[in-house]
Structure formats: structure tokens, C-alpha cells
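# Per-entry structural report
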Amino acid sequence: AQSVTQLDSHVSVSEGTPVLLRCNYSSSYSPSLFWYVQHPNKGLQLLLKYTSAATLVKGINGFEAEFKKSETSFHLTKPSAHMSDAAEYFCVNTGGFKTIFGAGTRLFVKA
Amino acid sequence: DAGVIQSPRHEVTEMGQEVTLRCKPISGHDYLFWYRQTMMRGLELLIYFNNNVPIDDSGMPEDRFSAKMPNASFSTLKIQPSEPRDSAVYFCASSRQTLQGWSTGELFFGEGSRLTVL
């Protein structure tokens, strides 16, 4: 079965501190995993993708994610949060004909 | 290159009226998806097409909802009659397909159509 679970519905960090948004997946196929970001009143935008090449994937705006097969995880990180990072983030698992979105994690960034 | 284009961006209508939302996918993309987003239910997949053919419409909530893709560059989502609980943001997204025919999973989203049914 294919699924994706975002472990936190909300994450709050201070500006300049690290960001960690957690995502676990399950897949019958070799997974293709993605992170998307949605700013208020906007559509979703691709941040980064994993498609069985390097396990550490770098994306836009300083974000990166590490694919860990042993932990079935694909957590999103950023060393230093910026106010403009405040948004909702979706982890996505694609395998076969299914594209499964996580429930989303809303990131709050405090000044 | 233009992205996914949706219209209208905002629609306010009264209960019982017909609503038609439109989407132009990115040229060359093989998959088209319709999503609905609300605070209560989050992002829900309504239906998706591959090469203009509906593949899975199990997410369409009721018979009041219908979607068509008459050609590779245009799709509509219609609600008739509309109800207040249909108020949401409706997103269209498109993607390419892999050699096996699956979606690559790299979806390109439009800006959404915000529907308010009074």
C-alpha cells in the first residue's frame, strides 16, 4: 500500500533557527517523493523531489530533504528559517498511478 | 512558458446555480488533476485525466460534480446545482508522464479558483 504521513500539523520556529518538517512514507513501488510549498492564497509549488538518485536532495530557497529507506522517511530541513518561509508544506508520494498528498504541515516563523 | 491557467480566480454565486471552472494545462503535459482545498478537509483529489481520458473520479463528491477534458489543452469542472458546502478553492494541476505511463509526480499547479456559494 502507498501512503504518506506528515507527523506534525503545525511547526513553529524562530527566525534564524533550523526547520524540520517530518514525513514518513510507505510504498509498494520504489517511491518518488516530493515536497511542495503553498503560500497564502497561492497554488502549490514544487520545492524538491527524490527519484532514486542521490539520497540528499537540495531544493529551492535553501531547503533540502534526505531519503532514508531504513526509516521510510523523507524529512524536510532548512538550516535557518526566514520569515518568508511561513507557509504550508506538503509531502507527496507518487508510485504507480497514485499521487498521494500528506495532510500538510503549517510552518510559523516568529521574528 | 505559461504555467497552468485557471479561470475564474474568484466566483461568488448563489445556491442552485451552475458553476463552471476552467483549466488550461501546460502544453505537452499528459496528466491533469482537479483538487479541492478547504480548511476542514485539506487538499482532496477530485478526478484526474491521462491523455484526456478520465482515469479516476472516485474523489468526485456527488453527481452534481462533473469534469471533462475535450482536448489536451482544456478541462472544465462543473457543479450543478451548487451548494454552500461546495465553497472551496479548486486547483488544477498538470504533469508529464513517465515511460511507463505514470504521472512523474511533479505537479504544476494553477493559482486556484476560489468559489463561494451563498
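Right above here is the structure, for reference.
What counts and what doesn't
- Think of each chain on its own: its residues are numbered from 1, step by step along the sequence as written.
- Naming scheme: in the order in which they are written, chains are lettered from A and ligands are numbered from 1.
- Local features are withheld for residues below a pLDDT of 70 in this predicted model, meaning they are given only at 70 or higher, and side-chain atom pairs are given and counted only at 80 or more; totals for whole chains, interfaces and linings count all residues.
- The side-chain numbers reported here are obtained from all heavy atoms of the structure, hydrogens and water having been left aside.
- In this description a helix means any DSSP run of H or I spanning at least four residues, a strand means any run of E spanning at least two, and both kinds are numbered starting from the N terminus.
- Based on C-alpha atoms, the radius of gyration is set beside the globule rule, defined as 2.2 Å times the residue count to the power 0.38.
- Exposure is judged per residue with a 1.4 Å probe applied to protein chains only, and the accessible area is read against the type maximum: over 50% gives exposed, under 20% gives buried, and values in between give partly exposed.
- All accessible-area figures derive from a Shrake-Rupley calculation using a 1.4 Å probe, and residue coverage is judged against the displayed protein chains alone.
- Residues scored as positive are Lys and Arg, those scored as negative are Asp and Glu, and His as well as the terminal groups of each chain are ignored.
- Every charge is mapped onto a representative atom, which is NZ of Lys, CZ of Arg, CG of Asp or CD of Glu.
- Paired strands, in this sense, are two strands between which DSSP finds at least two bridges.
- Salt bridge, as used here: a side-chain nitrogen of Lys or Arg that lies within 4 Å of a carboxyl oxygen of Asp or Glu.
- Contacts were defined at the residue level, with two residues in contact if any of their heavy atoms lie within 4.5 Å.
- Counted as a polar contact is a pair of N or O atoms within 3.5 Å, where, for protein atoms, one must be capable of donating a hydrogen and the other of accepting one, and residues adjacent in sequence contribute only when both atoms are in side chains.
- For this classification, the nonpolar set comprises Ala, Val, Leu, Ile, Met, Phe, Trp, Tyr, Cys and Pro, the charged set comprises Asp, Glu, Lys and Arg, and every other residue, Gly included, is treated as polar.

Take the overall build of chain B next. Secondary structure assignment for chain B yields zero helices and 11 strands. Ordered by position in the sequence, the α and β elements of chain B form the string β-β-β-β-β-β-β-β-β-β-β. In summary, chain B has a C-alpha radius of gyration of 14 Å against a globular reference of 13 Å for 118 residues, a match within 12%. Relative to its 118 residues, chain B shows a buried fraction of 47%. As displayed, chain B offers around 6,000 Å² of accessible surface, 51% of which is attributable to carbon and sulfur atoms. Across chain B, the 11 positively charged side chains and the 14 negatively charged ones have centroids separated by 3 Å.

Here we take up the pairing of strand β6 (residues 53–56) of chain B. Across three bridges, the pairing between strand β5 (residues 42–50) of chain B and β6 of chain B is antiparallel. Among the inter-strand pairings, F49 of chain B is bridged to a residue of β6 of chain B, identified as P54 of chain B.

Before going further, it helps to spend a moment on the pattern of salt bridges. According to the stated counting rule, one finds 14 salt bridges over all chains in the structure shown. For E111 of chain B, the salt bridge is made with K42 of chain A, and the minimal N-O distance between the two is 3.6 Å. In this pair, E111 of chain B is assigned in the loop between β10 (108–109) and β11 (113–117) and K42 of chain A in the loop between β5 (32–38) and β6 (44–50), connecting two distinct chains. Salt-bridge contacts for R85 of chain B lead to E62 of chain B; the nearest nitrogen and oxygen are separated by 2.8 Å. With R85 of chain B in the loop between β8 (74–79) and β9 (88–95) and E62 of chain B in the loop between β6 and β7 (65–71), this pair connects stretches of sequence that are 23 residues apart. The exposure class of R85 of chain B is exposed, given its relative accessible area of 55%. Among the charged side chains, a network of salt bridges with common partners joins E62, R64, E83, R85 and D86 of chain B.

So, on to the interface of chain A and chain B. Counting from both sides, the interface comprises 17 residues of chain A and, opposite them, 20 residues of chain B. Where chain A touches chain B, the interface holds five residue pairs in polar contact (both at pLDDT 80 or more). Split by residue class, the side of chain A that touches chain B holds eight nonpolar, six polar and three charged.

Glancing now at the side chain of Q6 of chain A. Residues and elements named next belong to chain A. Among the secondary structure elements, Q6 is positioned in strand β1 (residues 3–6). Q6 sits in the buried class, given a relative accessible area of 11%. Separated by 2.9 Å, the side chain of Q6 and the backbone nitrogen of C91 make a polar contact. One polar contact links Q6 to T105, side chain to side chain, over a distance of 3.1 Å. Here Q6 is in contact with R22, C23, W35, Y89, F90, C91, G102, A103, G104 and T105, once residues within four sequence places are set aside.

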